[in-house]
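Fold and contact review
Now for the letters of each chain:
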Amino acid sequence: MMTGLLIILMLSISLAILAENSRIGSEILSLEKTDRINILLPQTQCGQCGFDGCEPYATAIAEGITAINQCPPGGNITSRELSRLTGSEYQALNPARQSEPLAKTALIDEELCIGCVKCISACPVDAIVGAPKQMHTVIPELCTGCELCIAPCPVDCIEMEPKSRIQI
Amino acid sequence: MSSTDIHSFHGGLKLETYKSLSNNLSSLISPLPDKIILPLKQHIGHPANPLVKIGEQVYKGQIIAEPDGYVSLPVHATTSGKIRDIGLYSVPDPLGIKAPCIVIEPDGMDTWIDIRGVDNYLEMDPVTLQNRFRDAGISGLGGAGFPAHVKLKEGTQTEVELLIINAVECEPYITCDDRLIREKPDYIVAGTRMILHAVQARKCIIAIEEDMPDAVNALLPLLDDDIELVKVPTIYPQGSEKQLIKTLTGKAVPSGGLPIHMGIVMHNVGTAAAAYRAVSRGEPLVSRYITVTGCIPSPRNLQVLIGTPVRHCAEQCGYSEKSGNSIILGGPMMGTLVQNMHVPVIKTTHCILIRNKLNQGTEMPCIRCGNCAEVCPVELLPQQLYWFSRSSDHNKLKQHHLFECIECGCCSYVCPSNIPLVHYYRLAKNEINQRDLSITKASESRYRYLKHQERLKHEKKKKKLSVEQLSISGKPNEKKAYIHEAVRRGRAKRVKKQQVRKDQKDE
């Protein structure tokens, strides 16, 4: 009698869990695991995770090579979502990486810019416009705040500004 | 008058109303403040684009910012004066953010710009009438501030069965609609008929609470067979759109649906009065009734210009700054605490409530009593929403219809553990919206990144190709020879040409 009840109970529990899981994943179940992870990443291509960009990091997570808490722009939210997706335990953002930053935008000091085009080729999302020997400028709506344009600038005229909340 | 059956909605609360504090005195026209702050976004939708410069003279009713897109409204100067600044100022917002505003320094004359009304609106096309509402900057004066013309416009695309004018002021303390009805019943009835013409509804109801007898008496003599006055029970949140529809029709607005899908359009009484002014006089929406009440010497209703700082309004009613007072914009249930008294009154501000230091009690753990679920008028599961908000489980929150929550505050009110439930829901909604936005942005960035990579690859290939072509066409020396040959040919041609010209001259 008791065993029968127990079996029915366990069956119903496992069915409920199954139903729940399939509902969550139904939108993205059709994708490969790497792609599913990649969608949750902020796509800044900044490389702060130690990989060459978002997709390589997603691949590494999918293969279980690295932890899910290495993405500073994504912060704890991304980390939590990754833990839900991959089933691994939630970890707060790795403090060895940069602390969770504010949303930032690159800003070019237009008086100092010499028009060398180096930042333009460094920008992974083509958010900088300009031409050789012409002033360059950043389109703030497109800038992901990856900071990849800062190092190549020979005159140090690019700075990161916090994105004001109304701009978002 | 035919009678409409009254139904009821799930949950809700019977609250002490405190309305007599402010509804016995007639409203006061507030004197001009020393500055008027007009946010470019006082409604749901896109902010407006400024049309004026700093230092420019403007007149009352002049359009100073034009609408951007369909779900947007113009901003009008609410008095005459000089533009002092265009920049970021604190606005009434639960998060306390600053937003772009135009600041006017009143000249004290309050001169109107040339405005013109319509003699016979019944001859007007409904769409023209709707555009007039838009040009007058009318947004819902009740709750969310949805541009009125958008609601109306929906009406012409779908057959409208029922137009409801909402005079149900269910939150405690607030009496501005009550006062407006008592003082200007003719505006409201005339405005209701104008909206009726604009949406071409078959039936029209003005819904009013049982405990507003004076307002009922003011309206009754003005009504005809075209408008029905329906008294509804005083239960909070009766004035909420979906709950009122349930009470009047017995039908529930489906989750994710809009009343218009059921052939119903609802407007606030304030919107009706504004519609009357806009049509018959050509006045844009420049002022509104607000209730100033709570712990102040003389609580009453004021007629204030949109953009008047909250402090100025409160001072008309004897407010003096005391430590420990908290200022709430809106009612005690749904209002938001403001830190800064310099925020302006906007089109949707209906009440300034001053309370002594709130004695909220300490937040304690949830004991799972289930009281919250019993009072929830939307029939949600507040307890579940609370757990999932605490753990930021966005998927679960969406599954449990967090976004159907109307933030009425019934659950927080009955919670024996003093958990500010609505506060958690608001935070969670904001978090989800931010996250959805960042996911959209990430997918756009990803697209741009892939295109960028593609282009780099293409450029590399092209470069390689041209180098290959060069090496196929020969060694660098050969190329040099080729160029020399070309130069030689050019020179020969020129010499030949000169020769021909010389021959012609000689002849």
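**A few points about the overall build of chain A**
- Along the backbone of chain A there are five helices and four strands.
- A separation threshold of at least 6 residues defines the contact pool for chain A, and within that pool the share at least 24 residues apart is 50%.
- For chain A, the exposed area adds up to about 9800 Å²; of that, 60% sits on carbon and sulfur atoms.

**Remarks on the overall build of chain B**
- Of the regular secondary structure elements, chain B holds 14 helices and 17 strands.
- Taking 23 Å as the expected radius of gyration for a compact globule of 507 residues, we find that chain B reaches 32 Å, considerably beyond that expectation.
- Seen through its principal axes, chain B has C-alpha atoms that stretch 115 × 60 × 50 Å.
- Within chain B, residue pairs in contact and separated by at least 24 positions form 72% of the contacts whose partners lie at least 6 positions apart.
- Summing over all exposed atoms, chain B offers an accessible surface of approximately 25400 Å²; the carbon and sulfur share of this is 52%.

**With respect to the confidence of the model for chain A**
- On average, chain A scores 80 in pLDDT, and the residues at 70 or more come to 76%.
- Residue range residues 23-28 of chain A is modelled with pLDDT below 50. Its contacts to residues more than four positions away, or to other chains, number five contacts.

**Let's talk about a positive patch on the surface**
- Side chains of Arg489(B), Lys493(B), Lys497(B), Arg501(B) and Lys505(B) sit close together on the surface and give a patch of like positive charge.
- Along the polypeptide, Arg501(B) turns up in helix 14 (residues 476-506).

**Observations concerning the packing of aromatic side chains**
All names here are of chain B.
- For the coordinates displayed, the defined rule picks out five aromatic pairs over all chains.
- Geometrically, the ring pair formed by Tyr-187 and Tyr-276 is tilted, given 4.7 Å between the ring centres and 40 degrees between the ring planes. With Tyr-187 in helix 4 (residues 185-199) and Tyr-276 in helix 7 (residues 269-281), this pair connects stretches of sequence that are 89 residues apart. Both residues of the pair, Tyr-187 and Tyr-276, count as buried.
- With a centroid separation of 5.2 Å and 50 degrees between ring planes, the pair formed by Tyr-386 and Trp-387 is classed as tilted.

**Topic: the sheet that holds strand 9 (residues 162-167) of chain B**
Residue and element names in this part refer to chain B.
- Within the open sheet, the four strands sit side by side as 11-10-9-12. Their pairing is parallel. Each of the sheet's edge strands pairs with one partner strand only, and the pair in question is strand 11 (227-232) and strand 12 (264-268). Strand-to-strand, the axes of this sheet are offset by a mean angle of 25 degrees, without reference to chain direction.
- Here strand 10 (residues 203-209) runs beside strand 11; their pairing, made up of six bridges, is parallel. Bridging across to strand 11, Cys-204 finds its partner in Ile-227.
- Of the strands in this sheet, strand 9 and strand 12 touch helix 7, which is tilted by about 80 degrees from strand 12.

**So, the domain arrangement of chain B**
- According to the domain assignment, chain B contains domain 1 (19-316), domain 2 (371-430) and domain 3 (483-507).
- Put simply, the middle of domain 1 of chain B and the middle of domain 3 of chain B, counted by C-alpha atoms, are 85 Å apart.

**Here's the deal with the sheet that holds strand 17 (residues 351-355) of chain B**
Residues and elements named next belong to chain B.
- On the basis of which strands lie adjacent, the open sheet formed by six strands has the order 1-14-13-17-15-16 and mixed pairing. The two strands at the open ends of the sheet, each matched to only one other strand, are strand 1 (28-29) and strand 16 (336-338).
- Lying on the sheet, helix 3 (residues 176-183) is in contact with strand 13 (287-294) and strand 14 (300-305); it crosses strand 13 at an angle near 130 degrees.

**A short note on the nonpolar core**
All names here are of chain B.
- Ranked by internal contacts, the top residues of the largest apolar core, which has 52 residues, are Phe-133, Ile-138, Leu-163, Ile-181, Ile-206, Ile-208 and Leu-219.
- Sequence-distant contacts of Ile-181, that is, excluding residues within four places in its chain, are made with Ala-167, Ile-188, Ile-208, Met-212, Ala-215, Ala-218, Leu-219 and Val-269.
- Judged by nonpolar contacts, the second largest core, of 21 residues, contains Leu-15, Leu-244, Met-333 and Val-375.

**Concerning the interface of chain A and chain B**
- Chain A puts 28 residues into the contact, and the matching count from chain B is 25 residues.
- Surface buried jointly by chain A and chain B totals about 2300 Å² across both partners, of which 49% is contributed by carbon and sulfur atoms.
- One can count three salt bridges joining chain A with chain B.
- Arg455(B) is the partner of Asp126(A) in a salt bridge, and the nearest nitrogen-oxygen pair spans 2.8 Å.
- Inspection of the region where chain A meets chain B yields nine residue pairs in polar contact (both at pLDDT 80 or more).

**A few points about helix 7 of chain B**
Residue and element names in this part refer to chain B.
- Look at helix 7: 18 Å from first C-alpha to last across 13 residues, which is about the 18 Å you get at 1.5 Å a residue.
- For helix 7, the full list of buried residues reads Val-269, Gly-270, Thr-271, Ala-272, Ala-273, Ala-274, Ala-275, Tyr-276, Ala-278 and Val-279.
- The backbone nitrogen of Gly-270 lies 2.7 Å from a side-chain oxygen of the residue at the head of helix 7, namely Asn-268.
- Trailing helix 7 by a residue or two, Gly-282 shows a phi angle of about 80 degrees, which is positive.

**Concerning a negative patch on the surface**
- On the surface, Asp109(A), Glu110(A), Glu111(A), Glu159(A) and Glu161(A) cluster together to form a negatively charged patch.
- Here Glu159(A) lies in strand 4 (residues 158-162).

**Considerations on the side chain of Thr234(B)**
- Looking at where Thr234(B) falls in the secondary structure, it is placed in the loop between strand 11 and helix 6 (241-249).
- Those residues in contact with Thr234(B), other than ones at most four positions away along the chain, are Lys14(B), Glu209(B), Glu210(B) and Asp211(B).

**Looking at the environment of Ile235(B)**
Residues and elements named next belong to chain B.
- Within the fold, Ile-235 resides in the loop between strand 11 and helix 6.
- Between the alpha carbons of Ile-235 and Leu-88 there is a distance of 40 Å; along the sequence they are 147 residues apart.
- If we skip the residues at most four places from it in the chain, Ile-235 touches Phe-9, Gly-11, Gly-12, Leu-13, Lys-14 and Cys-170.

**Structural notes on the environment of Thr79(B)**
Residues and elements named next belong to chain B.
- By the secondary structure assignment, Thr-79 is in the loop between strand 6 (75-76) and strand 7 (81-90).
- Expressed as a C-alpha distance, the spacing of Thr-79 and Lys-60, which sit 19 residues apart in the sequence, is 4.1 Å.
- Those residues in contact with Thr-79, other than ones at most four positions away along the chain, are Leu-32, Ile-36, Val-58, Tyr-59, Lys-60, Ile-104, Pro-106, Asp-110 and Leu-305.
- A polar atom in the side chain of Thr-79 sits 2.6 Å from the side chain of Asp-110.

**What to know about helix 3 of chain B**
- In terms of burial, helix 3 of chain B is a largely internal element, six of the eight residues being buried.
- Taken as a whole, helix 3 of chain B has its buried residues at Cys176(B), Asp177(B), Asp178(B), Arg179(B), Leu180(B) and Ile181(B).

**Side note on the packing of helix 1 (residues 126-135) of chain B against helix 4 of chain B**
All names here are of chain B.
- Across the interface, helix 1 lies against helix 4 with an axial gap of 7 Å and an inter-helix angle of 125 degrees. By the angle between their directions, the pair helix 1 and helix 4 is classed as oblique. For the crossing formed where helix 1 meets helix 4, the hand is left-handed. For the pair helix 1 and helix 4, contact is made by Pro-126, Leu-129, Gln-130 and Phe-133 and by Met-194, Ile-195, His-197 and Ala-198, respectively.
- For the contact of helix 1 with helix 4, a count of residues per class yields six nonpolar, two polar and no charged.

**Details of the pattern of salt bridges**
- Counting across every chain of the model gives 25 salt bridges over all chains.
- The partner of Lys60(B) in a salt bridge is Asp110(B), with the nearest N and O atoms 3.0 Å apart. One end of the pair, Lys60(B), is in the loop between strand 4 (57-58) and strand 5 (63-66); the other, Asp110(B), is in the loop between strand 8 (98-106) and helix 1, and 50 residues separate them in sequence.
- Asp436(B) serves as the salt-bridge partner of Lys398(B), at 3.5 Å between the closest nitrogen and oxygen. Note that Lys398(B) is positioned in helix 11 (residues 394-399) and Asp436(B) in helix 13 (residues 421-473), a separation of 38 residues in sequence.
- Overall, Asp436(B) belongs to the partly exposed group, its relative accessible area being 34%.
- Salt bridges sharing common partners tie together Asp126(A), Arg455(B) and Glu459(B).

Reading the values: the criteria
- Residues numbered from 1 in each chain as written.
- Chains lettered and ligands numbered in written order.
- Predicted model: local features only at pLDDT ≥ 70, side-chain atom pairs only at ≥ 80, totals over all residues.
- Heavy atoms only, no water.
- Helix = DSSP H or I, 4+ residues; strand = E, 2+ residues; numbered from the N terminus.
- Contact = heavy atoms within 4.5 Å.
- Areas by Shrake-Rupley, 256 points an atom, 1.4 Å probe, with all protein chains shown as cover.
- Rg over C-alpha atoms; globule rule 2.2 N^0.38 Å.
- pLDDT = per-residue confidence, 0-100.
- Patch = residues over 30% accessible without salt bridge, like charges linked within 9 Å, V, L, I, M, F, W, Y side chains within 5 Å.
- Salt bridge = Lys/Arg side-chain N within 4 Å of Asp/Glu carboxyl O.
- Lys, Arg positive; Asp, Glu negative; His and termini not counted.
- Charge placed at Lys NZ, Arg CZ, Asp CG, Glu CD.
- Phe/Tyr/Trp six-rings, centres within 6.5 Å; stacked < 30°, edge-to-face > 60°.
- Buried < 20%, exposed > 50% of the residue type's maximum accessible area, 1.4 Å probe, protein only.
- Pairing = 2+ DSSP bridges.
- Axes fitted to C-alpha atoms, helices over the stretch in contact; angles between N-to-C directions.
- Domains from an automatic or database assignment.
- Core = buried A, V, L, I, M, F, W, Y, C linked by side-chain atoms within 4.5 Å.
- Buried area = accessible area lost by both parts, 1.4 Å probe.
- Polar contact = N/O pair within 3.5 Å; in protein donor to acceptor, adjacent residues only side chain to side chain.
- Expected span 1.5 Å × (residues − 1).
- Parallel < 35°, antiparallel > 145°, perpendicular 65-115°, else oblique.
- Left-handed = near helix turned anticlockwise from the far one by under 90°.
- Nonpolar A, V, L, I, M, F, W, Y, C, P; charged D, E, K, R; others polar.

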